[in-house]
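Spelled out, the chains give:
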Amino acid sequence: MIANIIVLVFVLGLGYWWSTQGLFSGLIHFVCTIIAGAIAFAVWEPLVLGLLIERQEDIAWGVGLGVPFFLSLLIMRLLTDKIVPGNVDMPYMANSIGGGAFGALSGVITAGIVILCLLMTGGIAYDLKYQPLKISDTGLIEDNQTLWIPADKITAGLYATISLRGGAFNRQFPDLFEQIALFPVTSRPYARGAIRPDKFEIAPYFEITGDQVPEQINAGSQRLVVIDVNVTDATASSDTDGFFTLTGAQAPMFCEDANGKIATIFPTGWVYKSAVHEYVTLDSNKSFVYSRPGAGSTRFSLIYRVPDGSTPFMMRFKQLAMPLEMNKEMTAAEVVAMVDKTYWDPQAAEVAVEAHEKNQGNTGLKISDSAGPGARIEGAEIVVSNALPAGYNKNSIDADLSGVSYGDMGDDRSSLRSAQGPIDHTKSRSVRGVLRVDKFFHERGTVIVQLKMTENQARSTLGQAMQAAARIAKPLLHDSNGDDFEAIGYVIHGSTHTFFSLDPEQPIRAISNIERDRMNEGDELILIFKVPNDSTLTRFTIGRAVDQEIR
């Protein structure tokens, strides 16, 4: 409804305005509108990649198209008003009808640009209540909603047609409307639809053909193409609930046949690259790639079925165009070794999905026998608990609080999501009920792991890392799956004061970020980690300077 109102406002508003200004003025504005749109699409991707996406990826694509359009239109209108200050004398009916018609057409293009921009702008796309395409229950992309005046589809089609067929723009955006319309097709509301280019890596793809193709995945003459992906900074790329997620719609592959025809292909499944490879199909509107919550990075493979005679040349990974290269050096033996039976075990998919759903709703605080409450490393104690060192008056904390929590303390009181700065205990005593905050926030499927060190232990352990020239090394917990987990913050707790530095979206990236100078004799340093509740923790490291086994 909101999107339809936006379109009607532009179409009717501009139509009425230019009907009062005349046919010639309406025509000039229509031409300026078309040129402004062409300029906007021409600079769109370079502007996003060169300037905007490093600042705020969630709105970069929408802003990168909308700002050049309206800025170009404004400049051209000012210039044309100066160059052609007068109007052309025409009959009243011609001015009224012709001006209104050109004004309405300008409104369609302008409204189309606005809707396309909103579809690419993070949570605004969800709030718009308009999603042109969706993933069907069978995993196919299909129509979902259509505007009364399909300004978005008309505008995208216009500029796809204006650009030279087979040119650079059409190869970057083989189906412009479909790619933009798929922006809001994420795994959950407010899930991220974009990613920064420095947060992931894509390896050259390899193919599996003939007898190498597993029987349950083979589809006639099609062959399998596998692309390995490494999200190097899953924390910064995660959704608001701590998971990195990716739908099949966010990773289309583009293939070209011998006749130059380009086809869009979506992944049919993915493999989580861990100690046990699990193949999970992307065959429904509820299927998506997901990371282990709290993991600093995540590695997986995307599986595509590609018709014979077609050559992959590009994929889009959360809107970023990635040229594809084939790994020509991989031998058949190496392919077979990579694609073992655990990749394609039909039961592995069911087990993986069941485990994920269980973790999503699990409220327990046990992660393993080997790293449960009381597990230790040299010079520190590991505690699995979301309890704060003490109860605090939430009004005395410079913090972000959440009213929803999971775990053994799952009540309606506030829980601490992030915090910064010192707390004087004399100002935070005798707090109960709704004023009290006494636990860390954590999402479903995760637990809070606290690594506690006394003042002497902290100075010894951290000092050892500092002396080893590891100031830029970061503290990490590692588990048996090969995943590593960054500290989301730390707490310095004493008898009269507590200092918080906690932010899940900005984890500790260097040991030098921990302000040891704030510690007094008798204080305790607590490193805070958030890990999946099914993890088996094995090691604690700080770069190469500290490497301690958890026992």
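Up top is the structure.
Residues numbered from 1 in each chain as written. Predicted model: local features only at pLDDT ≥ 70, side-chain atom pairs only at ≥ 80, totals over all residues. Heavy atoms only, no water.

A. Examining the pairing of strand 5 (residues 223-231) more closely. The element strand 5 is largely enclosed, with a buried count of eight among its nine residues. By the bridge criterion, three bridges tie strand 3 (residues 200-202) to strand 5 in an arrangement that is antiparallel. Looking across to strand 5, one finds that phenylalanine 200 is bridged to valine 231. Where strand 4 (residues 206-208) lies against strand 5, three bridges are found, and the strand directions are antiparallel. Across the sheet, the residue bridging to glutamate 207 is valine 225, located in strand 5. (Buried < 20%, exposed > 50% of the residue type's maximum accessible area, 1.4 Å probe, protein only. Helix = DSSP H or I, 4+ residues; strand = E, 2+ residues; numbered from the N terminus. Pairing = 2+ DSSP bridges.)

B. Summary view of the packing of aromatic side chains. What the rule picks out here adds up to 15 aromatic pairs. The interplanar angle of 40° and the centroid separation of 5.1 Å between the aromatic rings of phenylalanine 41 and tyrosine 159 together place this pair among those described as tilted. Residue phenylalanine 41 is found in helix 2 (residues 23-52), and its partner tyrosine 159 is found in helix 6 (residues 151-162); the two are separated by 118 residues along the sequence. The two residues phenylalanine 41 and tyrosine 159 agree in class, both being buried. (Phe/Tyr/Trp six-rings, centres within 6.5 Å; stacked < 30°, edge-to-face > 60°.)

C. Highlighting unusual backbone geometry. In this model, lysine 129 sits at a positive phi of 60°, which is unusual for a non-glycine residue. Among the secondary structure elements, lysine 129 is positioned in the loop between helix 5 (122-127) and strand 1 (133-135). Exposure remark for lysine 129: the relative accessible area of 53% places this residue in the exposed category. The residue lysine 318 is not glycine, and still its phi comes out positive at about 50°. Among the secondary structure elements, lysine 318 is positioned in the loop between strand 13 (311-317) and strand 14 (320-323). Overall, the relative accessible area of 0% leaves lysine 318 in the buried class.

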